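Fold and geometry: a report
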Amino acid sequence: MSEVERSSTVRRTQKVGRVVSDKMNKTVVVAVDYLKPHPLYRKIIRKTSKFHAHDEENACKVGDIVRIEETRPLSRTKRWRVVEILQRGEE
């Protein structure tokens, strides 16, 4: 089964976040924000998770808004890849 056939049949998790680091070769760090209520006080708290994502062309820069998709393990920390750049960051 080719990669194109497999991607059309399997629904993979996607997230949208902001690139916070592009210092590694072919890798970016993407920060994904989400809102979660405090377990006791129920106040809405902004939480951030960071994901290492594969960027084959080194096209992403700090500040870009990107969509990442879950994939097979590419290294010890990389389990995501950049699908598309939604918005370019300000330089």
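For the structure itself, look to the data block above.
Treat the numbers as computed from the prediction; the structure is a model and nothing was measured. (Residues numbered from 1 in each chain as written. Predicted model: local features only at pLDDT ≥ 70, side-chain atom pairs only at ≥ 80, totals over all residues. Heavy atoms only, no water.)

Some thoughts on the overall build of the protein chain
The condition that has to hold: Secondary structure follows DSSP: runs of H or I at least 4 residues long count as helices, runs of E at least 2 residues long count as strands, and numbering of each begins at the N terminus. Using a 1.4 Å probe on the protein chains alone, a residue whose accessible area is under 20% of its type maximum counts as buried, one over 50% counts as exposed, and one in between counts as partly exposed. When checking whether two residues touch, look at their non-hydrogen atoms; a contact exists if any pair is within 4.5 Å. The accessible surface values rely on the Shrake-Rupley method and a 1.4 Å probe; as for residues, cover is taken only from the protein chains in view. When charges are counted, Lys and Arg are positive and Asp and Glu negative, with His and the chain ends excluded. A single reference atom marks each charge: NZ on Lys, CZ on Arg, CG on Asp, CD on Glu.
Assigned secondary structure in the protein chain consists of one helix and five strands. Ordered by position in the sequence, the α and β elements of the protein chain form the string α-β-β-β-β-β. For the protein chain, buried positions account for 26% of its 91 residues. In the protein chain, the share of contacts with a sequence separation of at least 24, taken over all contacts with a separation of at least 6, comes to 48%. Counting every atom, the protein chain has about 6,900 Å² of accessible surface; 48% of that belongs to carbon and sulfur. Taking the average location of the 21 positive side-chain charges in the protein chain and that of its 13 negative ones, the two points are 10 Å from each other.

With respect to the pairing of strand 5 (residues 78-87)
Heads up, the rule is: Two strands form a pair only when DSSP identifies at least two bridges running between them.
Looking at chain direction, strand 3 (residues 44-54) and strand 5 are connected through three bridges and run parallel. Directly across from A53, in strand 5, lies its bridge partner W80. Bridging between strand 4 (residues 65-70) and strand 5 involves six bridges; their strand directions are antiparallel. Bridge pairing links R67 to E84 in strand 5.

Side note on the pairing of strand 1 (residues 14-21)
Pairing geometry for strand 1 and strand 4, over five bridges, is antiparallel. By the bridge assignment for strand 4, Q14 is matched with E69. Direction of pairing for strand 1 relative to strand 2 (residues 27-37): antiparallel, over a ladder of three bridges. Looking across to strand 2, one finds that S21 is bridged to V29. Connecting strand 1 to the next strand, strand 2, in antiparallel fashion are five residues, including K26 with a positive phi near 60°.

What about the sheet that holds strand 2?
Convention followed: What counts as an axis is a line fitted to C-alpha atoms, over the stretch in contact for a helix, and the angles between N-to-C directions run from 0 to 180 degrees.
Read around the closed barrel, the five strands follow the order 1-2-3-5-4; overall the barrel is mixed. Sheet twist, expressed as the average angle between the axes of neighbouring strands with direction ignored, equals 50°.

Description of the pattern of salt bridges
Condition: Between Lys or Arg on one side and Asp or Glu on the other, a salt bridge is scored when a side-chain nitrogen of the former is within 4 Å of a carboxyl oxygen of the latter.
Evaluation of the coordinates by the stated rule reveals four salt bridges. The partner of D64 in a salt bridge is R88, with the nearest N and O atoms 3.0 Å apart. Remark: R88 occurs in the segment after strand 5 and D64 occurs in the loop between strand 3 and strand 4; sequence separation between them is 24 residues. Residue classification places D64 among the buried residues on the basis of a relative accessible area of 2%.

These figures come from the coordinates and say nothing about function on their own.
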